[in-house]
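# Examination of the molecular architecture
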Amino acid sequence: MRLILLRHGETLWNQEHRLQGHQNSPLSEKGIQQAKAIKPLIEQFSPKYVVSSDLGRALQTAEIIGCTNPTQDSELRELAMGEWEGCKKQEIMAENPRLYQAWRDGDYTPQGGESWQAFCQRISQALLKWVNQYDGDILAIVHSGVIRAACETLVSLSTKHLLPVTQGTLTIFEISPDLPIKLEAYNLGSFIPTSNVAD
């Protein structure tokens, strides 16, 4: 079976380089076009089941790709970033570049936030719960942090060796009984043009 992870489309806060975490920001026009552009590729895989983070940007992406009633799972939310949520990355980096880099490396947790280790455990448990529950290909509409955590926990691929996850792209894992999980694709669809997508 395949576990297909779709990162939501670009949001207004993505445009402003704000950390989102558990906060909601609607998709930008570009984000809407990204979701429309990836839809035909998802249809080629024709996943049997669809689950989604319960945050608005994931659900808005789900609706655009034609999944109007996905199973919602709060455990698939993005990393909680505490007091940094809503802050611009450039401002945090300017004020304390050492702490920001430590956070990116998984070695620092902002006040009120979630540690990288706890987040990875949450994501691994949530994804494997759905894999064990279903018997066909699964599409999960999630966030960049979720995808990075999945790569680290499911196939031992450190985030330090990954390019950033592009909005509106697929990351695919192949899961077979009694065999190691394999990464089949990463950032699939990142070169799909969005300017000519029909409304």
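Keep in mind it's a predicted model, so treat the numbers as computed, not measured.

Of all the 5 residues making up strand β2 (residues 49-53), 4 are buried; the element is thus mostly covered by neighbouring parts of the structure. As paired elements, β2 and strand β4 (residues 138-142) share 4 bridges and run parallel to each other. Across the sheet, valine 50 pairs through a bridge with leucine 139, a residue of β4. One ladder, built from 3 bridges, connects β2 with strand β3 (residues 71-73); its direction is parallel.

As a further point, take the UniProt feature "binding site: substrate" (unreviewed entry) in the chain. Sites flagged by UniProt as "binding site: substrate" (unreviewed entry) map to Arg7, His8, Gly9, Glu10, Thr11, Leu12, Trp13, Asn14 and Arg57. The class for histidine 8 is buried, based on a relative accessible area of 1%. Setting aside anything within four residues of it in sequence, one finds histidine 8 in contact with Asn14, Gln20, Arg57, Ala58, Thr61, Val142, His143, Gln167 and Gly168. At 3.3 Å, the side chain of histidine 8 and the side chain of arginine 57 are in polar contact. In this structure tryptophan 13 comes out as partly exposed when scored by relative accessible area, which is 22%. If we skip the residues at most four places from it in the chain, tryptophan 13 touches Arg18, Leu19, Gln20, Gln23, Ser25 and Gly86.

Moving on, we come to the environment of alanine 102. Inspection of the secondary structure assignment puts alanine 102 in helix α5 (residues 97-104). What alanine 102 contacts, discounting residues up to four positions off in sequence, is Asp107 and Tyr108.

Moving on, we come to the pattern of salt bridges. For the structure shown, the criterion picks out 6 salt bridges. Glutamate 114 is the partner of arginine 122 in a salt bridge, and the nearest nitrogen-oxygen pair spans 2.8 Å. For the pair shown, arginine 122 and glutamate 114 are each scored as buried.

To continue, consider the sheet that holds β2. The strand order β3-β2-β4-β1-β5-β6 describes an open sheet built from 6 strands, whose pairing is mixed. A single partner strand is all that each edge strand has here, and the edge strands are β3 and β6 (182-188). Looking at each pair of strands side by side, their axes are set apart by 20° on average, direction ignored. As defined by bridge partners, strand β1 (residues 2-7) adjoins strand β5 (residues 170-174) across 5 bridges and the pair is classed as antiparallel. Of the residues in β5, the one forming a bridge with leucine 3 is phenylalanine 173. Packing of helix α2 (residues 29-45) onto the sheet brings it into contact with β1, β4, β5 and β6, and relative to β5 it is tilted by some 15°. Together, β1, β4, β5 and β6 form the strand contacts of helix α7 (residues 144-155), whose direction differs from that of β5 by roughly 25°.

Enumeration over the complete set of coordinates arrives at 0 disulfides. Lacking any disulfide linkage, cysteine 151 is separated from the closest cysteine sulfur, that of cysteine 120, by 10 Å.

With that settled, the discussion passes to α5. Along α5, the positions that sit buried rather than exposed are Leu99, Tyr100, Ala102 and Trp103. Projected down its long axis, α5 shows its buried positions confined to an angular sector of 160°, all on one face. Among the exposed residues of α5, those pointing more than 90 degrees away from its buried face are Pro97 and Arg98. Those residues of α5 that are buried are in contact with α4 (89-95). The positive-phi residue at the C-terminal boundary of α5 is glycine 106, with phi of around 85°.

Rules and cut-offs
- Residue positions within a chain follow its written sequence, with the count starting from 1.
- Side-chain atom pairs in this predicted model are given and counted only at pLDDT of 80 or more, local residue features only at pLDDT of at least 70, and totals for whole chains, interfaces and linings cover all residues.
- Just so you know, side-chain values use all the structure's heavy atoms and leave hydrogens and water out.
- For every residue, the accessible area (1.4 Å probe, protein chains only) is compared with the maximum for its type, and the residue is labelled buried under 20%, exposed over 50%, or partly exposed between those bounds.
- Every helix listed is a DSSP run of H or I at least four residues long, and every strand listed is a run of E at least two residues long, numbered separately from the N terminus.
- For two strands to be treated as a pair, DSSP must find at least two bridges joining them.
- UniProt positions are given in the numbering used here, feature names are shortened, and annotations may be inferred rather than shown by experiment.
- Here, two residues are considered to be in contact whenever any of their heavy atoms come within 4.5 Å of each other.
- Identification of polar contacts relies on pairs of N or O atoms within 3.5 Å, with a donor-acceptor requirement for protein atoms, meaning one able to donate a hydrogen and the other able to accept it, and with residues adjacent in sequence counted only if both atoms are side-chain atoms.
- By convention in these notes, a salt bridge is any Lys or Arg side-chain nitrogen within 4 Å of a carboxyl oxygen on Asp or Glu.
- The convention used is that axes are lines fitted to C-alpha atoms, helices contributing only their stretch in contact, and that angles between N-to-C directions extend from 0 to 180 degrees.
- In what follows, a disulfide is any cysteine sulfur pair within 2.5 Å.
- As used here, the arc belongs to the directions running from the helix axis to the C-beta atoms.

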